[in-house]
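Chain and residue survey
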Amino acid sequence: VDKPIGVFDSGIGGLTVVKEIVKALPNESLVFIGDTARVPYGTRGKAVITQFALELATTLLERDVKYLVAACNTISSTCLAEVRAVSPVPVLGVVDPAVQTALKQTRSGRIGMIGTRATVASGFYEQQIRELEPSVSVMSVACPLFVPLAEEGLSAAQATRLIAADYLAPFADSEIDVLVLGCTHYPILRDVIQQAIGESVVLVDSARPTAETLAAELEEAGLGSEGPAAYELLVTDAPERVHQVASDFFGRELPGALRQTSLGRLPGPGPRD
Ligand code: DGL
């Protein structure tokens, strides 16, 4: 099936997920859209995040994608059900794959999760973990400053170490043995986070588990493509300004130029003719 996979994110952090999808599924074409005009979503409320996410999904559906991936923990935690409700194609979020991996890794039955304010406020990680494994406890902490620090390339800065130590201090007596990096940006800060939380805690991020889940689901649905892959990388503002950070998140030069796009309109009541 030669239709592309549609991947969307509040900004360009989702490229940490795209990177793993490209690795796991080298024959699959992708359309990525990052809402650089309105990032961050993680500081906003559910109604606004939902509206923005539906606009991104609509834009991708207009491009006839065969699958949607919400490569954003904030969207995946707050409004995946709403996106699924309007999508004729399957929608995969990043939370479930991360949760499955975290549950496989924990021995102590205590899992930590860090993410944006909206992700933590949603309680979605706790809910998913409770559903699968009621005996496992979860402690979540919001780390809002990690997003701008990652975007500013400050992953090795002293300031970032101090902030990480403060943010992660509440986990000190928690006996967690797994910490979920519940935000697309956090893999960029992996070393600082590992140092602050201690070497004995296993870090789990959603990028690779999401790519692996997507590969399995495509195969199961008979939706795999033989290639060759083509990539379309879209943002809603300032492609030149975000190019460098986008490459950093992708881990190497992007497989195509970032281009600017406007968003599709939501179906529903609008001005009448
Ligand atoms: N992509 C978001 C996430 O994974 C981080 C950036 C934002 O707050 O929009 O939660």
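Residue indices follow the written sequence of each chain, beginning from 1 at its first position. Local features in a predicted model are, by the rule used here, given only for residues with pLDDT of at least 70; side-chain atom pairs are given and counted only at 80 or more, and totals for whole chains, interfaces and linings are based on all residues. Note that water and hydrogens are dropped before the side-chain values are worked out from all heavy atoms of the structure.

1. Here's the deal with the confidence of the model for the chain
- For every residue, the pLDDT score states the predictor's confidence, bounded by 0 at the bottom and 100 at the top. Mean pLDDT for the chain: 94, with 96% of residues reaching 70 or above.
- Residue contacts are counted whenever heavy atoms from the two residues lie within 4.5 Å of one another. Here residues 269–273 is modelled with pLDDT under 50, and outside its nearest four sequence neighbours on either side it reaches 2 contacts, counting other chains as well.

2. Structural notes on the site of the ligand
- Any residue with a heavy atom lying within 4 Å of a molecule or strand is counted as near it. Around the ligand, the structure places 13 residues, and the nearest of them are Ser10, Tyr41, Gly42, Thr74 and Thr184.
- In the environment of the ligand, an oxygen atom lies 3.0 Å from a nitrogen or oxygen atom belonging to the backbone of Asn73.
- In this description, accessible areas are obtained by the Shrake-Rupley approach with a 1.4 Å probe, and a residue is regarded as covered only by the protein chains that are shown. For the ligand, the protein covers 99% of the area, taking 300 Å² as the surface of the free molecule. Pairs of N or O atoms within 3.5 Å make up the polar contacts considered here, provided that, within protein, one atom can donate a hydrogen while the other can accept it, and that residues adjacent in sequence are counted only when both atoms are side-chain atoms.

3. Notes on the packing of helix α1 (residues 15–24) against helix α12 (residues 239–250)
- The geometry of α1 relative to α12 is characterised by a closest axis approach of 7 Å and an angle of 50 degrees between their N-to-C directions. Compared by their axis directions, α1 and α12 come out oblique. Note that α1 runs across α12; the crossing there is right-handed. In contact with Leu15, Thr16, Val18, Lys19 and Val22 of α1, α12 contributes Ala246, Phe249 and Phe250.
- Ten residue types, Ala, Val, Leu, Ile, Met, Phe, Trp, Tyr, Cys and Pro, are classed as nonpolar, four, Asp, Glu, Lys and Arg, as charged, and the remainder, Gly among them, as polar. When grouped by side-chain class, the residues that make up the contact of α1 with α12 number 6 nonpolar, 1 polar and 1 charged. Note on method: axes are straight lines fitted to C-alpha atoms, helices fitted across the in-contact stretch only, with angles between N-to-C directions ranging 0 to 180 degrees. Runs of E in the DSSP output that reach at least two residues are strands. Runs of H or I that reach at least four are helices, and both are numbered from the N terminus. An angle counts as roughly parallel when it lies under 35 degrees, as roughly antiparallel when it exceeds 145, as roughly perpendicular when it falls between 65 and 115, and as oblique in every other case. Helix crossings fall into two classes, left-handed where the near helix is turned counterclockwise from the far one by less than a right angle and right-handed where it is turned clockwise.

4. Some points on the state of the cysteines
- Any two cysteine sulfur atoms lying within 2.5 Å of each other are counted as a disulfide. Summed over all chains, the structure comprises 0 disulfides.
- The closest cysteine sulfur to the non-disulfide-bonded Cys143 is located on Cys183, 9.1 Å from its own sulfur.
- For the exposure calls, accessible area comes from a 1.4 Å probe over protein chains only, and a residue counts as buried if that area is under 20% of its type's maximum, exposed if over 50%, partly exposed in between. According to the relative accessible area criterion, Cys143 is buried, its value standing at 0%.

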